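Observations on the model geometry
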Amino acid sequence: METNPVVEKIKKLLAVDPAKGATQAEAEQALMAAQRLALKNNIDLASIDTTEDTSAGEPIINQPWTPTREGGGECAARLPTCHKFIVWILTAYFAVKVIEIGTYGEYTDKGVTKRGHRKSLSIIGRQTNVQIAIYVYGFLHREFMDLWHAHKKETNASMSSRNSFFYGLYVGLNDKMRAEKGRSELAAQEELSHSNVGKSYEMILVGEKEKIDQQVKEAHPRLVYRSVDEGPINSYSSVIEGTRMGHGITIHTAVK
């Protein structure tokens, strides 16, 4: 069977993996290049077989995952204090849905076995995007906590201002990533406009979102949606400082 040189090139790009010696930045740059090449040539990444013995390609998966608490060990009884802000970033820029799961049973907290309610996550999206989202979640959790501790030490900020500071970090990072996403989408649309795909980048994004939403329904048929706001904002100065620091956060992954 004659091979398609474009598909073969996409396969090579998708094969760039930190588990195989590549850096995280190299893997994300390769993923972005594969996505743009696929869009330009009207190729669905999900249809590409990256192995020799399966036609699964790049599937949409439902990945159970429990974040790590500050200082080590799994978050069990509750999720990180900056959880909601991290999830807002992931769902806006990394093509995944994050579902919060509550269960009751045994868990280990700092080496002690306990029994009670525990929290975990279900992350749904393309396999590569889910892996990226898990990496970004851990990175942002550490970054948010490190920046908070530095801010608290420097300004003697009270614990009651922590949520205000986290919200500021989110605002600053969101502003930065929204601009990056806009530039990325313009570049992708420019490539599409010079091809014969016959559809816009926005149409492709909507189609991808519908596929992920369908997977969410199948994986969590009894899912209950609830609105989550930014929480108590009682320190304007902490919001301002957090926003400034948020603009300086750099995630070494491709923004899609």
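Residues numbered from 1 in each chain as written. Predicted model: local features only at pLDDT ≥ 70, side-chain atom pairs only at ≥ 80, totals over all residues. Heavy atoms only, no water.

The next thing to look at is helix H3 (residues 83-93). Counting buried positions along H3 yields eight of eleven residues, so the element is predominantly enclosed. Within the sequence span of H3, burial applies to His83, Lys84, Phe85, Ile86, Val87, Ile89, Leu90 and Tyr93. Backbone geometry just after H3 places alanine 95 at a positive phi near 55°. (Buried < 20%, exposed > 50% of the residue type's maximum accessible area, 1.4 Å probe, protein only. Helix = DSSP H or I, 4+ residues; strand = E, 2+ residues; numbered from the N terminus.)

This part takes up the pairing of strand S3 (residues 112-126). Relative to S3, strand S1 (residues 60-65) runs antiparallel, the two being bridged by six bridges. Counterpart to glutamine 63 in the pairing with S3 is isoleucine 123. Sheet analysis places strand S2 (residues 96-109) next to S3, joined by 14 bridges and oriented antiparallel. Residue pairing in the sheet places isoleucine 99 in a bridge with serine 122 of S3. Where S2 hands over to S3, the hairpin turn is made up of two residues, of which lysine 110 adopts a positive phi near 55°. (Pairing = 2+ DSSP bridges.)

On the basis of which strands lie adjacent, the open sheet formed by three strands has the order S1-S3-S2 and antiparallel pairing. Edge positions in the sheet fall to S1 and S2, since each of these pairs with one other strand and no more. Each strand axis lies, on average, 20° off the axis of its neighbour in the sheet, ignoring direction. On top of the sheet, H3 reaches S2 and S3; it is set at about 145° to S2, its chief contact. (Axes fitted to C-alpha atoms, helices over the stretch in contact; angles between N-to-C directions. Contact = heavy atoms within 4.5 Å.)

Turning our eyes to something else, we now look at the packing of aromatic side chains. On inspection of all chains with the given rule, the structure shows ten aromatic pairs. Ring geometry for tryptophan 88 and tyrosine 170: centres 5.2 Å apart, planes at 70°, overall edge-to-face. Here tryptophan 88, found in helix H3, pairs with tyrosine 170, found in helix H5 (residues 162-193); they are 82 residues apart in sequence, far enough to count as distant. Three or more aromatic residues link up through ring pairs in this structure, and these residues are Phe85, Trp88, Tyr167 and Tyr170. (Phe/Tyr/Trp six-rings, centres within 6.5 Å; stacked < 30°, edge-to-face > 60°.)

With that out of the way, let us pick up the pattern of salt bridges. Tallying each qualifying case throughout the model produces seven salt bridges. Note that arginine 244 and glutamate 241 form a salt bridge whose closest N and O atoms lie 2.5 Å from each other. Residue arginine 244 and its partner glutamate 241 are both found in helix H7 (residues 236-246); the two are separated by three residues, about one turn of the helix. The partly exposed category is assigned to glutamate 241, whose relative accessible area is 21%. One salt-bridge network, in which partners are shared between bridges, spans Lys97, Lys209 and Asp213. (Salt bridge = Lys/Arg side-chain N within 4 Å of Asp/Glu carboxyl O.)

Looking now at the nonpolar core. Of all hydrophobic cores here, the largest spans 38 residues; its most connected members are Leu90, Phe94, Leu140, Phe166, Ile249 and Ile251. Mapped by element, the contributors of at least two residues to this core are S1, H3, S2, S3, helix H4 (127-155) and H5. Among all residues touching leucine 90, those that are not within four sequence positions of it are Ala95, Val96, Val98, Ala133, Val136 and Tyr137. (Core = buried A, V, L, I, M, F, W, Y, C linked by side-chain atoms within 4.5 Å.)

Along the chain, threonine 243 turns up in helix H7. For threonine 243, a relative accessible area of 16% translates into the label buried. The contact partners of threonine 243, leaving out residues within four places of it in the chain, are Gly168, Leu169, Val171 and Gly172.

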